[in-house]
Amino acid sequence: MRERWQTFETSSIKMRNIGILILLMTFICCNNVTRVNDKEKENTKIIKESDLIESGNYNGIKTCEEAEKLAKKEINEGKLKYIFSGFGSRQELPKNLEKLYRIEIIKVDGVLGIPNKCYNDIMYKKIQEKFGDDAFNKAME
């Protein structure tokens, strides 16, 4: 009896989570534009439908291995770059990274794909190594 109750309880939790996921997906699909207030609440940023599509990959990278190889090559050439996508590229962080540390900002449409994230992981470590562990926090101020 206890095993049946645990199985039922687990199924109920899964069904509830699926329901929440469906509700969230409906909200995202049916609302093409969402406004997000910034810190000062003076300006509003808009999440566009194009921000939610899968992005293209920087420089044609298709795998994490290719991304890591490209990032290391560019670091060896003295180039520091960071990829932002969709909504993130319109925030203050990319502008501040560029201004404070002369990091080249690469903008791609949509959400950040896995190869782009792998590229950023290598660059993130190098940026922290060069400018300090709090480099990104300073750029967000």
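Everything quoted here is computed from the prediction, not taken from an experiment. (Residues numbered from 1 in each chain as written. Predicted model: local features only at pLDDT ≥ 70, side-chain atom pairs only at ≥ 80, totals over all residues. Heavy atoms only, no water.)

## Here we look at the confidence of the model for the protein chain
Where the model shows low pLDDT, its predicted coordinates should not be examined in detail.
Move 1: When pLDDT is averaged along the protein chain, the result is 75, and 57% of the positions lie at 70 or above.
Move 2: Ranking the elements of the protein chain by mean pLDDT puts strand β1 (residues 34-37) last, at 40, and helix α2 (residues 64-76) first, at 96. (pLDDT = per-residue confidence, 0-100. Helix = DSSP H or I, 4+ residues; strand = E, 2+ residues; numbered from the N terminus.)

## Description of the state of the cysteines
Move 1: According to the stated counting rule, one finds one disulfide in the structure shown.
Move 2: Linked covalently through their sulfurs, C64 and C118 form a disulfide whose S-S length is 1.8 Å. Pair noted here: C64 is in helix α2 and C118 is in helix α4 (residues 114-131), with a separation of 54 residues, a long-range link. (Disulfide = S-S within 2.5 Å.)

## Concerning the side chain of K81
Move 1: Among the secondary structure elements, K81 is positioned in strand β3 (residues 81-85).
Move 2: Side-chain polar atoms of K81 contact the side chain of E74, separated by 3.3 Å. (Polar contact = N/O pair within 3.5 Å; in protein donor to acceptor, adjacent residues only side chain to side chain.)

## Topic: the nonpolar core
Move 1: The biggest cluster of nonpolar side chains holds 25 residues, and the ones touching the most others in it are Y82, L97, I103, Y119, M123 and I127.
Move 2: Counting only elements with at least two residues in this core, the list comes to α2, β3, α3 (92-101), β4 (104-108), α4 and α5 (135-140).
Move 3: In terms of residue count, α4 provides more of this core than any other element does, five residues in total.
Move 4: Those residues within four positions of Y82 in sequence are excluded, and the remaining contacts are I103, E104, I105, I106, N120, M123, Y124, I127 and F136. (Core = buried A, V, L, I, M, F, W, Y, C linked by side-chain atoms within 4.5 Å. Buried < 20%, exposed > 50% of the residue type's maximum accessible area, 1.4 Å probe, protein only. Contact = heavy atoms within 4.5 Å.)

## Here's the deal with α4
Move 1: Helix length check: α4 (18 residues) gives 25 Å between terminal C-alpha atoms against 26 Å at 1.5 Å per residue, within 8%.
Move 2: Of the residues making up α4, those classed as buried are P115, N116, C118, Y119, N120, I122, M123, I127 and Q128.
Move 3: Structurally, α4 contributes buried residues whose contacts are with α2, β3, β4 and α5.
Move 4: In the stretch just after α4, G132 is the one whose phi turns positive, near 110 degrees. (Expected span 1.5 Å × (residues − 1).)

## A closer look at the pattern of salt bridges
Move 1: Inspection of every chain in the model, using the stated rule, returns eight salt bridges.
Move 2: Its salt-bridge partner being E74, residue K81 comes within 3.3 Å of it at the nearest N-O pair.
Move 3: A relative accessible area of 5% means that E74 is categorised as buried.
Move 4: As a salt-bridge pair, E92 and K95 come within 3.6 Å of each other at their nearest N and O atoms. Of this pair, E92 and K95 both sit in helix α3, three residues apart, which is roughly one turn of the helix.
Move 5: Several salt bridges share partner residues, and in doing so they unite K73, E77 and K79 into one network. (Salt bridge = Lys/Arg side-chain N within 4 Å of Asp/Glu carboxyl O.)

## Regarding the packing of α2 against α4
Geometrically, a packed helix pair is captured by the angle between its two axes and the distance between the axes.
Move 1: For the pair α2 and α4, interaxial distance at closest approach is 8 Å and the crossing angle is 35 degrees. In this structure, the crossing between α2 and α4 has a hand that is right-handed. Taking contact as the criterion, the partners of C64, A67, E68, L70, A71, K72, E74 and I75 in α2 are, on α4, I114, P115, C118, Y119, I122, M123 and K126.
Move 2: Of the residues assigned to the contact of α2 with α4, the class counts are 11 nonpolar, no polar and four charged. (Axes fitted to C-alpha atoms, helices over the stretch in contact; angles between N-to-C directions. Left-handed = near helix turned anticlockwise from the far one by under 90°. Nonpolar A, V, L, I, M, F, W, Y, C, P; charged D, E, K, R; others polar.)

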